[in-house]
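The chain contents come next:
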Amino acid sequence: MSKRTAIFSLKTILRQKLVVEILSAHRKQDPHMVLVLDEHTSKIVGSCATMSDLLSQGFVAIQNIELNRETIDLPATYFLDVSHAEDSKEDRKKLMLLAQDYSEGDGWNPTTKSGTKLKKKYLRAYVNVTLTLKKALISSILAKEKRFVSSCRALNEANVDFLSFESRVFLLNQPEALNILMKTGAEGIEESNRLIEQMTLQLVSLCIVLNESPYVRFENSQRGGRIEKLLAFMAGQDNFDAALQRTTRKLPNWKARPNPATLLFLNRTSDMAATLVHHLSYQSTLVDVMGMKGDVLEIEVDQKDESGVVIGSEKKSYVMSETDDVWRLKRHKHFDAVKNELYDEMQKFKSKSVAQNFKSKSDGLDIDQKTMLKVVKDIPKYREAVNMYKKHQNIIAKAREKIAERIGVTKLLQTLACLMDNTGNILRTSNIWEGVKTCLEDTKTSSTDKTSVALMYVIMRGGMTNSEKKVFEENLSSTTMTCIDSLKNLDLPTGKPQSDFKLRKDHVDIMKKNLKKRLQEKKEGKKAYTVGFRYIPRLEALVSQLADDKLDKKDFPYVKAPSKSSSRGTKSIGFSRRRNNKSGAAMVDPEKARLIIFVLGGITASEMASVYEIGTAFQTDIIIGSTAIITPNDVITSLSMGSNN
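Remember, it's a predicted structure, so these values are computed and weren't measured experimentally.

The rules behind the values
- Residues numbered from 1 in each chain as written.
- Predicted model: local features only at pLDDT ≥ 70, side-chain atom pairs only at ≥ 80, totals over all residues.
- Heavy atoms only, no water.
- Pairing = 2+ DSSP bridges.
- Helix = DSSP H or I, 4+ residues; strand = E, 2+ residues; numbered from the N terminus.
- Axes fitted to C-alpha atoms, helices over the stretch in contact; angles between N-to-C directions.
- Contact = heavy atoms within 4.5 Å.
- Buried < 20%, exposed > 50% of the residue type's maximum accessible area, 1.4 Å probe, protein only.
- Polar contact = N/O pair within 3.5 Å; in protein donor to acceptor, adjacent residues only side chain to side chain.
- Parallel < 35°, antiparallel > 145°, perpendicular 65-115°, else oblique.
- Left-handed = near helix turned anticlockwise from the far one by under 90°.
- Nonpolar A, V, L, I, M, F, W, Y, C, P; charged D, E, K, R; others polar.

(A) Expanded view of the sheet that holds strand S12 (residues 262-267). What the seven strands build is an open sheet, ordered S9-S10-S18-S17-S12-S11-S15; its pairing is mixed. Only two strands of the sheet have a single partner each, and these edge strands are strand S9 (163-166) and strand S15 (558-560). If you compare each strand with its neighbour and ignore which way they point, the axes differ by 25° on average. Relative to S15, strand S11 (residues 215-218) runs antiparallel, the two being bridged by two bridges. Within S15, the residue paired with arginine 217 across the bridge is tyrosine 558. Contacts between helix H9 (residues 226-235) and the sheet are confined to S11, S12, S15 and strand S17 (595-600), with S12 contributing the most and set at about 165° to the helix.

This is the structure in C-alpha cells:
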C-alpha cells in the first residue's frame, strides 16, 4: 500500500502490538500455550482479536483467572489488570490466584518432602500486566511462592490498558466514571482523584501503543466547576505529560513518531444535550433506542412457518462489527436511508447472483456442467449475503417500531438541543415550553422520555422558574425530580435561570449549514433526511476547527505546544459526508500528524460518527475515545442516584 493510501485502524495496531508482539513474544520457545485473562483484559483482547487470531498465535485455550480452571500441561501466558491503588483488594486477589496456580498446597511439607503435593496448573508462566506491577505486591505475594518463582519465565509491564472499540474509537472501560465525577464530599473527591490517576495512565498506554508523544490542549471552561478543574488537572503538564515521560524512560526501544499528534481533552458536561437527544443515524438508533450494549444487539425476532405465518418469537443476538460490510459502510447514515438502500441493494444482489437466478428459473434437469459449477461456487457467497441482509432487515423492522413510538419526543428533543426549528429559525426555550408541557402531560409518553425532555429543557433553559418547576412536580416522578436536582453535580444550574444556555456560534453555524443543505436537497426533489438529524454534536464543530488549525487558543489552550514554525492545520476536501473508498475510511498519509480526542465522562454514537466524517474531509487520522459509550438511559441512571453521589 502506498504512502498516500494507508488506512488507519486502531484495532489492527492494537492486535499487532498486544497479541503478536507482547502476548506471543515467547512463541519460538513455546509454540502452543494457554492464555489466562481477567474480566478487564478479556475485553481488551476481545476488542482487537478474534478467536482465529489467537489460535494463529498458538493459544489453544483461553481461561479466566477468576473462575475454576482445569489443569493443562502447557505453558501459560497471563495478561492481568493489577494496576489499581496500592491497597487494592482486587489486585491482591488476582496475584494470589496467580501464585496459587503454582502452589505445592498446604498438604505438602517441603522440608520433609512428605504429604500431598499439588500439580502445577501450567508448566511455565509468562506474566504480563496492563500497566505497572508494584514491587510491594511482588514481594508480599509472588516472591513468597517458590514454585511460582522457579516457573515464571517473564514478568512484563505491557503498557496496554484500553479497548479498541472501533477502528477509530478507543474506550477506557470506565463505565462508572460519570457517577464518580458527580460525587461530592471528601470521599467523592478522593475517588475522583484516583479515577483521574488511573485514566491518565490508560491514556499514556494509548500513546505508547500509537508511538505518540503528543502536543496537548484542553477545554478551558469559564464556569470553573469541579469537573472542569479535574479535566484541567488531568491534561496538565505535571500530570499527563509527566506520566508519559516517566513511562517512556523505562522503554529504551520506544520511539515517538516524528510528527506528533495533538491530544485534545474535552469535558462531557459542556454538551450534555448530545447525550439526551435521539439522533437517528443507524448506529445511534441501535445504541440509544434499541439498547445495544457494546457491539451486541439483542432483539425479539418473529418465527414463521413455511407459509410465512407468524407462529411465535425468539430472542436473537447480533454482533455489529466492522467485518459486516453493511454495518461498516452504513452505520453513520440516517436510519431511513439505510432502510431504503438495503432493500435496493438486496434486489440488485439477487439479480446478479448465479445461485438465485438458477433457483428461480431452472428445475435443474437441463443444466449444463459449466453452469452447475458456477452455481456451486456462488452458493456460499449467496448464503452469506442473504444472512447479512436478513440480519439487518430484522433489526430495521424492530427499530422502526421503536422509532415510530417516540417520533414526537425525538423531534422535540432535537428542537430543544438545537434551539432551532425545522426550517432553521432560532428559538428561545420560552418558544418551546408549551410543547414541553404538552409532552409531560401526555400519559402516553414514557417515563424515560419525559425525564429526557425535562432534563434537556432545564439544561438549555439554564435552570427553571418556580412555575416551570411546579409543572415538573405535577407531571414527573420523584426520581425524575432527583435527576433534575442532580444536574448541579455536573456543574449545571437548576435554579432560577439567568439566561438560556448559549450555544457556541460555530456550533450553531454548522447545524444551520447542514439543515440548509438538506432542505435544499428536498426542494430539488432529492432524498433528504432531516427528522432526527438536525442536531449535530458540538464536538463536530470543535474537531473540524482543530483539524483546520482554527480552534480558539484561549478557550482551548495548549499545555504542551508545537513550535511556532510548525503548522498544525490540514487541508480540507470538504464535507461530502461520503467515504473515499470501499472500506469507509479516509485514505491519508501515514506520516501525517494525527488528532486524538478524549472526552471525560462518555461519548455518544453521533460523536463517533463525526470523527469519521471529519477525518475523511480533512484526510487526517482522527481517533476519539472516552471512559465509555453513553446513552440517555446511562445519564438518567447516573443522575437518579442523587444523594448517593
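(B) Representation of the side chain of histidine 40 within the structure. Assignment of secondary structure puts histidine 40 in helix H2 (residues 39-48). Judged by relative accessible area, histidine 40 falls into the buried class, the value being 12%. Among the polar contacts made by the side chain of histidine 40, one reaches the side chain of asparagine 173 at a distance of 2.8 Å. Filtering out sequence-adjacent residues up to four positions away, histidine 40 remains in contact with Asp81, Thr130, Asp161, Leu163, Leu172 and Asn173.

(C) Quick look at the packing of helix H8 (residues 185-209) against helix H10 (residues 237-249). It is at 9 Å that the axes of H8 and H10 come closest, and there the two elements cross at 55°. The orientation of H8 with respect to H10, classified from their angle, is oblique. Read as a crossing pair, H8 and H10 show a hand that is right-handed. Contacts from Ile196, Thr200, Leu201, Leu203, Val204, Cys207 and Ile208 in H8 reach Asn239, Phe240, Ala243, Leu244, Thr247 and Thr248 in H10. Across the contact of H8 with H10, the residue classes break down as nine nonpolar, four polar and no charged.

(D) Region of the structure containing the packing of helix H4 (residues 89-100) against helix H5 (residues 135-142). The interhelical angle for the contact between H4 and H5, taken along N-to-C directions, is 45°, at an axis separation of 10 Å. It follows from the interaxial angle that H4 and H5 lie oblique. Here the hand of the crossing between H4 and H5 comes out right-handed. Facing H4, whose interface residues are Asp91, Arg92, Leu95, Met96, Leu98 and Ala99, H5 presents Leu137, Ser140, Ile141 and Leu142.

These figures capture arrangement, not role.
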